[in-house]
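Structure at a glance
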Amino acid sequence: MERFNPARFSDVKKDESKFSFVFVGRIVGDKGINELIEAFVRLNKEYPATLLTLVGKHEANIDPVKPETLKLIEENPSIDACGPKYGEDLLNEYMKSDCFVMPSYREGFPNTVMEAGAMGLPSVVTDINGSREIIIHGENGLIVPSKNADALYAAMKQMVEDNSTRKKMASK
């Protein structure tokens, strides 16, 4: 657990004027990327000081995201598709963020949800095996139905608007 101790990253500078979401995983359809981008673009129009970092490999041959989703990722300056990150570089991405988002359709036991929590981030996850065993709705994050961009948007909006609840979730 010492590896995930946020105190180790006191030199990582977060832009406090922005609210940052982070996703870590493959950039494919069944990870909920189409819904995530739809929800984030809607949120970003309402809250321009929001950012979304997509950490992971874009896979064009296996369950690729929709072409319109890819276009939104490429054209929106508030979305950073930074590619895969590992080790300390990945942990730095968690530290620069305010909330972890995992809108996947299915998982085994998602390590990234545990990593984000260990790094002090609340999470927005879908109601799937693995994620719902790690996140307790309202305690350390929010759980939404999978394949539902509206529910994802509402949960992300709650994270942006409700500082005290989000900070309480981050402390769990």
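Look a little higher up for the structure.
One structure accompanies this document, and this report is about it. Bear in mind the structure is a predicted one, so any value in this text is a computation, not a measurement.

1. Describing the overall build of the chain
The number of helices and strands found in the chain is 7 helices and 6 strands. The C-alpha atoms of the chain give 15 Å as radius of gyration, which agrees with the globular expectation for 172 residues (16 Å, within 12%). A principal-axis box enclosing the C-alpha atoms of the chain has dimensions of 40 × 30 × 30 Å. Each of the 172 residues in the chain was classed as buried or not, and the buried ones make up 51%. Long-range pairs, those at least 24 residues apart, make up 68% of the contacts in the chain with a sequence separation of at least 6. Working note: accessible area of the chain is about 8,400 Å², and carbon and sulfur atoms make up 50% of it. The distance from the centre of the 22 positive side-chain charges to the centre of the 26 negative ones in the chain is 1 Å.

2. Thoughts on the packing of helix α1 (residues 33-46) against helix α6 (residues 149-161)
Where α1 meets α6, the axes come as close as 8 Å, and the angle between the chain directions of the two elements is 45°. Relative to α6, the element α1 is oriented oblique. Between α1 and α6 the crossing geometry is right-handed. On α6, the residues touching Glu35, Leu36, Glu38, Ala39, Phe40, Arg42, Leu43 and Glu46 of α1 are Ala149, Asp150, Leu152, Tyr153, Met156, Lys157 and Val160. Of the residues belonging to the contact of α1 with α6, the class tally is 9 nonpolar, no polar and 6 charged.

3. Some thoughts on the environment of Ala154
Looking at where Ala154 falls in the secondary structure, it is placed in helix α6. With relative accessibility at 42%, the residue Ala154 sits in the partly exposed group. In this structure the C-alpha to C-alpha distance between Ala154 and Val144, which are 10 residues apart in sequence, comes to 9.2 Å.

4. Let's talk about the sheet that holds strand β4 (residues 99-102)
Ordered in space as β3-β2-β1-β4-β5-β6, the 6 strands form an open sheet in which the pairing is parallel. Edge positions in the sheet fall to β3 (79-83) and β6 (141-144), since each of these pairs with one other strand and no more. Neighbour-to-neighbour, the strand axes of the sheet open up by a mean angle of 20°, direction not taken into account. Inspection of the sheet shows strand β2 (residues 50-55) paired to β3 by 4 bridges, in the parallel sense.

Conventions and cut-offs
Residues numbered from 1 in each chain as written. Predicted model: local features only at pLDDT ≥ 70, side-chain atom pairs only at ≥ 80, totals over all residues. Heavy atoms only, no water. Helix = DSSP H or I, 4+ residues; strand = E, 2+ residues; numbered from the N terminus. Rg over C-alpha atoms; globule rule 2.2 N^0.38 Å. Buried < 20%, exposed > 50% of the residue type's maximum accessible area, 1.4 Å probe, protein only. Contact = heavy atoms within 4.5 Å. Areas by Shrake-Rupley, 256 points an atom, 1.4 Å probe, with all protein chains shown as cover. Lys, Arg positive; Asp, Glu negative; His and termini not counted. Charge placed at Lys NZ, Arg CZ, Asp CG, Glu CD. Axes fitted to C-alpha atoms, helices over the stretch in contact; angles between N-to-C directions. Parallel < 35°, antiparallel > 145°, perpendicular 65-115°, else oblique. Left-handed = near helix turned anticlockwise from the far one by under 90°. Nonpolar A, V, L, I, M, F, W, Y, C, P; charged D, E, K, R; others polar. Pairing = 2+ DSSP bridges.

Purely spatial values, then, with no claim about function.
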